[in-house]
Amino acid sequence: MPSQFPSFTIRQANPRDVGYVSEILTESFYRSVDRQVHFLHRCFVDMVYPLLRYGIMLDLSSRFGEKTPCYACLVATHPANKSLPIATLEICMRYVPTKGHQNFWLGREMQQHPYIFNLAVHPHWRRRGVAKQLLLAAEGTVKQWGYSQLYMHVLEDNQTARNLYDRVGYQMYDREGNLNYWLLRKPRRFLLQKKLRST
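The notes below deal with the structure included here. (Residues numbered from 1 in each chain as written. Predicted model: local features only at pLDDT ≥ 70, side-chain atom pairs only at ≥ 80, totals over all residues. Heavy atoms only, no water.)

### Here we look at the overall build of the protein chain
- For the protein chain, the helix and strand inventory stands at five helices and eight strands.
- Moving toward the C terminus, one meets the helices and strands of the protein chain in the order β-β-α-α-β-β-β-α-β-α-β-α-β.
- A burial count over the protein chain gives 41% of its 199 residues as buried.
- Excluding contacts between residues fewer than 6 apart, the proportion of contacts in the protein chain whose partners are at least 24 apart in sequence is 64%.
- Summed over all atoms, the accessible surface of the protein chain reaches about 12000 Å², with 54% contributed by carbon and sulfur. (Helix = DSSP H or I, 4+ residues; strand = E, 2+ residues; numbered from the N terminus. Buried < 20%, exposed > 50% of the residue type's maximum accessible area, 1.4 Å probe, protein only. Contact = heavy atoms within 4.5 Å. Areas by Shrake-Rupley, 256 points an atom, 1.4 Å probe, with all protein chains shown as cover.)

### A look at the pattern of salt bridges
- Applying the stated criterion across every chain yields a total of six salt bridges.
- Salt-bridge contacts for arginine 11 lead to aspartate 17; the nearest nitrogen and oxygen are separated by 2.7 Å.
- On the accessibility criterion, arginine 11 (15% relative accessible area) is buried.
- Of the charged contacts in the structure, one is a salt bridge between glutamate 176 and arginine 189, with a shortest N-O distance of 3.0 Å. One end of the pair, glutamate 176, is in strand S7 (residues 171–176); the other, arginine 189, is in strand S8 (residues 189–195), with 13 residues separating them in the sequence. (Salt bridge = Lys/Arg side-chain N within 4 Å of Asp/Glu carboxyl O.)

### So, helix H4 (residues 159–167)
- Inspection of H4 places Ala161, Leu164 and Tyr165 among the buried residues, and these make up the whole buried set. Across the axial projection of H4, the buried residues extend over an arc of 95°, all falling on one side. Of the exposed residues in H4, the ones pointing more than 90 degrees away from its buried face are Asp166 and Arg167.
- Buried residues in H4 make contact with strand S5 (110–121), helix H3 (130–145), strand S6 (149–155) and S8.
- Glycine 169 sits one or two residues past H4 and shows a positive phi near 105°. (Arc of directions from axis to C-beta.)

### Side note on the nonpolar core
- Counting residues in hydrophobic clusters, the biggest one holds 30 residues, and the most contacted among them are Leu89, Ile91, Ile116, Leu135 and Tyr165.
- Residue assignment for this core shows that the elements contributing at least two residues are strand S3 (72–78), strand S4 (81–97), S5, H3, S6, H4 and S8.
- The element contributing the most residues to this core is H3, with seven residues.
- The contact partners of isoleucine 116, leaving out residues within four places of it in the chain, are Leu89, Glu90, Ile91, Leu135, Ala138, Leu150, Tyr151, Met152 and Tyr170. (Core = buried A, V, L, I, M, F, W, Y, C linked by side-chain atoms within 4.5 Å.)

### Section: the side chain of aspartate 17
- Within the secondary structure layout, aspartate 17 lies in the loop between strand S2 (9–12) and helix H1 (18–30).
- Setting aside chain neighbours within four positions, we find aspartate 17 in contact with Arg11, Gln12, Val75, Ser83 and Pro85.

### Structural notes on the pairing of S8
- Buried residues dominate S8, accounting for five of its seven residues.
- Summarising the sheet, S7 and S8 pair through five bridges and their orientation is antiparallel. Residue arginine 175 lies in a different strand from S8, and its bridge partner there is phenylalanine 190. (Pairing = 2+ DSSP bridges.)

### Some words on the environment of arginine 162
- With respect to the helices and strands, the residue arginine 162 is situated in helix H4.
- Residues arginine 162 and methionine 172 lie 10 residues apart in sequence; the distance between their C-alpha atoms is 9.9 Å.
- The contacts of arginine 162, once residues within four sequence positions are left out, are Val154, Leu155, Glu156 and Phe190.

Structure follows, in structure tokens:
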């Protein structure tokens, strides 16, 4: 049953959406206008773009075909065209540390929890609140599965995303990639957690 928000409809993706979702993911992660990239890098991405999109489409199709109980791909559509996805996110079960970064010395046992990944909004629809609505819809899905915690990663230097996740209630749970940060100067990955209120 779709969830209706003020501006966008959030629904489960179906096999007909695979091409659109693949386009959104490829555009967001490889050719985003938000990132400053070297001219040659942009030319290379434009050249291999069809291959990147095809690879993402195959991955997405395989996840759809697995029929895993705790997997969901949500899409957002605008009332003007409810068949055309403009944003997406996926939820699956993933192993996360049982202790956050504050208690790393107590051990790194892992447990499976719902995890958000591949959150992406088409460039033409950004900064209109659609990502927030997808995140709220994801919480409803996870509650239906019987879980009360939700996790996701964000890069340390992605301040726009970090601000959004902070506004919807995600908190720092763990820091990863310290070695890459100190040796290679790559941004660290932060694992965020949100504890969901029971309804």
